[in-house]
Amino acid sequence: MTEVAGDRLVDGYALVAFDLDGVIYLIDRPIPGAVEALGALRAEGRSVAFATNNASRRSSEVADLLTGMGVPADPAEVLTSAVAAAELLRDRLPAGAAVLVVGAEALRAEIRAVGLTPVDRADDAPVAVVQGYGPQVGWVDLAEASVAIRGGATWVATNTDRTLPSGRGPLPGNGSLVAALRHALDRAPDVVVGKPEPALFATAARRAGTGRTLVVGDRLDTDIEGARRAGLDSLLVLTGVSDVPELLAAAELRRPTHVAADLAGLFDPAAVVRVPGDPQAGGWSATAVDGTAELGGAGRPLDAVAALCAVAWSAGTGAAVRPVSPEAERVLAGFGLTR
């Protein structure tokens, strides 16, 4: 393995900052092994934080949700894009200023909590529009936001996640709704608060003091890029959105420090790899041939991922991979890398 035998990944960090959807839970059910992993961290007295782009729940609601799943959490440990957006507007606007809210009631509550006035219509003369995910957001909401922004209101998006995970696969996220408004206005939001912007993780890292922070996420385009932009190490877990083909094709800013199948990688050196690894290690041999990565040999699947990352990222082969041994064919099929 690319990890030093006997060294647990978690032991190198003072704080572990988790994304939620796709890492701790999927909608309203814990991902297998997540409760046990968080329980182990709590038992060892380790500091944790939860950072989510989802603006449809307040920090207290997220903490209650986690606690109900068997993951005891305090609201102070939860960092949401709704809170970050509300605090940003509080710092920029006069007290009581009108803010048109496109999103869930949780976002309205956060705007109200910082002393601003949430409104629904452009006729209320809002000086800003804040847009976050809400399952009931529709055309009327986007139309009012469009009028307000064209009238000069500052446009703040809590996040631009294209999708959100569900039991039926990825569904449209706030980024898809932001894209609709962006297309109508022919311009981007003035500010995007959530990941991959570094604010959420930078705030979490400050809580670690002088210690190191590890970001754990399931999305390369938000969690991992956000960690990289905040200057933090990251662990990609393969329990959510991003998969191995996406990992191999990742741009430099979206490449994690470590990869694991799930949260067991925090504790088990045999369940995590550092990427990129050695292309000729762990029983595997990865080489670039005519724009394709060839994988031969046999070994543990994650070691194959580490070897392939080395070739894909240096030679630019991306997810173009060809097996040259029976075991390689089996492993690649398991990662969705067969043609």
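Check the entry above for the structure.
Residues numbered from 1 in each chain as written. Predicted model: local features only at pLDDT ≥ 70, side-chain atom pairs only at ≥ 80, totals over all residues. Heavy atoms only, no water.

> Would you explain the overall build of the protein chain in this entry?
On a plain count of helices and strands, the protein chain comes out with 11 helices and 19 strands. Taken over C-alpha atoms, the radius of gyration comes to 21 Å for the protein chain, in line with the 20 Å a tight globule of 339 residues would show. Based on the C-alpha atoms only, the size of the protein chain along its principal axes is roughly 65 × 45 × 35 Å. Expressed as a percentage of the 339 residues in the protein chain, the buried residues total 53%. With 30 positive and 41 negative side-chain charges, the protein chain shows a spacing of 3 Å between the two charge centroids. (Helix = DSSP H or I, 4+ residues; strand = E, 2+ residues; numbered from the N terminus. Rg over C-alpha atoms; globule rule 2.2 N^0.38 Å. Buried < 20%, exposed > 50% of the residue type's maximum accessible area, 1.4 Å probe, protein only. Lys, Arg positive; Asp, Glu negative; His and termini not counted. Charge placed at Lys NZ, Arg CZ, Asp CG, Glu CD.)

> How do you make sense of the sheet that holds strand 5 (residues 78–80) when you look at a structure like this?
Note: strands within a sheet are paired through backbone hydrogen bonds, in either parallel or antiparallel orientation. Pairing within the open sheet is mixed, and its seven strands lie in the order 5-4-1-13-14-15-16. The open sheet has two edge strands, strand 5 and strand 16 (272–274), and neither has a second partner. Neighbour to neighbour, the strand axes of the sheet diverge by 25 degrees on average, direction disregarded. Two strands pair when backbone bridges link them, and strand 1 (residues 15–18) and strand 13 (residues 213–217) are joined in this way by four bridges, in the parallel orientation. Paired with leucine 15 across the strands is threonine 213, a residue of strand 13. Contacting strand 1 and strand 4 (47–52), helix 1 (residues 34–43) crosses the sheet at an angle of about 140 degrees to strand 4. The strands that helix 10 (residues 301–315) touches are strand 15 (258–260) and strand 16; relative to strand 16, the one it contacts most, it runs at about 15 degrees. (Pairing = 2+ DSSP bridges. Axes fitted to C-alpha atoms, helices over the stretch in contact; angles between N-to-C directions. Contact = heavy atoms within 4.5 Å.)

> Looking at this model, I keep getting lost on the pattern of salt bridges. Mind explaining?
Pairing between side chains becomes possible if they bear opposite charge and their charged atoms approach one another. Under the criterion given, the structure shown has 21 salt bridges. Taking the shortest distance from any N to any O, the salt bridge between arginine 8 and glutamate 44 comes out at 3.0 Å. In this pair, arginine 8 sits in the segment before strand 1 while glutamate 44 sits in the loop between helix 1 and strand 4, placing the two residues 36 residues apart along the sequence. Here aspartate 11 makes a salt bridge to arginine 46, at a shortest N to O gap of 2.6 Å. With aspartate 11 in the segment before strand 1 and arginine 46 in the loop between helix 1 and strand 4, the pair connects residues that are 35 residues apart, well separated along the chain. (Salt bridge = Lys/Arg side-chain N within 4 Å of Asp/Glu carboxyl O.)

> Any chance you could explain the pairing of strand 17 (residues 284–289) here in plain terms?
Regular strands show a simple pattern: their side chains alternate between the two faces of the sheet. The sheet contact formed by strand 17 and strand 18 (residues 292–297) spans six bridges and is antiparallel. From the neighbouring strand, serine 285 faces strand 18, where its bridge partner is glycine 296. In this structure, the hairpin formed by strand 17 and strand 18 is closed by a connection of two residues, where aspartate 290 is found at a positive phi of approximately 55 degrees.

> Which parts of the structure should I look at to understand the side chain of glutamate 144?
Within the element layout of this structure, glutamate 144 appears in helix 5 (residues 139–150). Notably, glutamate 144 is buried but unbridged: the nearest opposite-charge side chain belongs to arginine 121, and the N-O separation is 4.3 Å. There is a polar contact of 2.8 Å between the side chain of glutamate 144 and the backbone nitrogen of alanine 122. (Polar contact = N/O pair within 3.5 Å; in protein donor to acceptor, adjacent residues only side chain to side chain.)

> Whenever I open this one, the sheet that holds strand 6 (residues 98–102) confuses me. Can you help?
In space, the five strands of this open sheet follow the order 7-6-8-9-12, with parallel pairing throughout. Edge positions in the open sheet fall to strand 7 (117–119) and strand 12 (191–192), since each of these has one partner strand only. Examined bridge by bridge, strand 6 and strand 8 (residues 128–131) share four bridges and lie parallel to one another. Paired with valine 101 across the two strands is valine 130, which belongs to strand 8. Strands in contact with helix 5 are strand 6, strand 8 and strand 9 (154–157); relative to strand 6, the strand with the most contacts, it is inclined by about 145 degrees. In the packing of helix 6 (residues 174–185) onto the sheet, contacts are made with strand 8 and strand 9, and the angle to strand 9 comes to roughly 155 degrees.

> Mind showing me how you'd approach the packing of aromatic side chains here?
The relation between two aromatic rings is expressed through the spacing of the ring centres and the mutual angle of the planes. Using the criterion set out here, one finds one aromatic pair in the structure. Ring geometry for phenylalanine 18 versus phenylalanine 50: centroids 6.1 Å apart, planes at 25 degrees, classification stacked. Here phenylalanine 18 is found in strand 1, whereas its partner phenylalanine 50 is found in strand 4, with 32 residues between them in sequence. (Phe/Tyr/Trp six-rings, centres within 6.5 Å; stacked < 30°, edge-to-face > 60°.)

> When you look at helix 2 (residues 59–68) in this model, what are you seeing that I'm missing?
Residues three or four positions apart in an α-helix share a direction because the helix packs 3.6 residues into each turn. The complete set of buried residues in helix 2 reads Ser59, Val62, Ala63, Leu65 and Leu66. Down the axis of helix 2, the buried side of the element spans an arc of 160 degrees, and every buried residue falls inside it. Every exposed residue of helix 2 that faces more than 90 degrees away from the buried side is listed here: Asp64 and Gly68. In this structure, the buried residues of helix 2 make contact with strand 2 (25–26), strand 4, strand 5, helix 3 (81–92) and helix 4 (105–113). In the stretch just after helix 2, glycine 70 is the one whose phi turns positive, near 95 degrees. (Arc of directions from axis to C-beta.)

> Please clarify how the side chain of glutamate 294 should be interpreted in this entry.
Along the chain, the position of glutamate 294 falls in strand 18. A relative accessible area of 18% means that glutamate 294 is categorised as buried. At 2.7 Å, the side chain of glutamate 294 forms a polar contact with the side chain of arginine 322.

> Explanation requested: the environment of alanine 37 in the structure shown.
Checked against the element boundaries, alanine 37 lands in helix 1. The exposure class of alanine 37 is buried, given its relative accessible area of 5%. Separated by 229 residues in the primary sequence, alanine 37 and leucine 266 place their C-alpha atoms 8.0 Å from one another. In this structure alanine 37 touches Leu263 and Phe267, once residues within four positions along its chain are discounted.

These values are about where atoms sit, not about what they do.
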